[in-house]
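Given next are the chains, with one letter for each unit.
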Amino acid sequence: MSFFEDLKKDLLEAIEIESGTVSLEECKGMPAKTYYVADEHKRMAQKCQNKELE
């Protein structure tokens, strides 16, 4: 992917997280609060992003 495609993908993911469509899971045992996108939501978000990039 090019820089701009990566940027667009990341921004779309951020919008999905902010709107609450994709939930974040807290990663336990880290020195600071750390969150990640659960696999099932990540696959769904990636599917949507691929449609946007076409």
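Residues numbered from 1 in each chain as written. Predicted model: local features only at pLDDT ≥ 70, side-chain atom pairs only at ≥ 80, totals over all residues. Heavy atoms only, no water.

1. A closer look at the overall build of the protein
- Each helix and strand in the protein was counted, giving two helices and two strands.
- Counting from the amino terminus, the protein carries its helices and strands in the arrangement α-β-β-α.
- Each of the 54 residues in the protein was classed as buried or not, and the buried ones make up 11%.
- A sequence separation of at least 24 residues applies to 23% of the contacts in the protein between residues at least 6 apart.
- Of the roughly 4,600 Å² of accessible surface on the protein, 54% is carried by carbon and sulfur atoms. (Helix = DSSP H or I, 4+ residues; strand = E, 2+ residues; numbered from the N terminus. Buried < 20%, exposed > 50% of the residue type's maximum accessible area, 1.4 Å probe, protein only. Contact = heavy atoms within 4.5 Å. Areas by Shrake-Rupley, 256 points an atom, 1.4 Å probe, with all protein chains shown as cover.)

2. So, the packing of aromatic side chains
- Counted according to the given criterion, the structure contains one aromatic pair.
- Considering the side-chain rings of F3 and F4, the 5.2 Å spacing of their centres and the 80 degrees angle between planes classify their relative orientation as edge-to-face. Like F4, F3 is exposed. (Phe/Tyr/Trp six-rings, centres within 6.5 Å; stacked < 30°, edge-to-face > 60°.)

The values reported here are purely geometric and, on their own, carry no functional implication.
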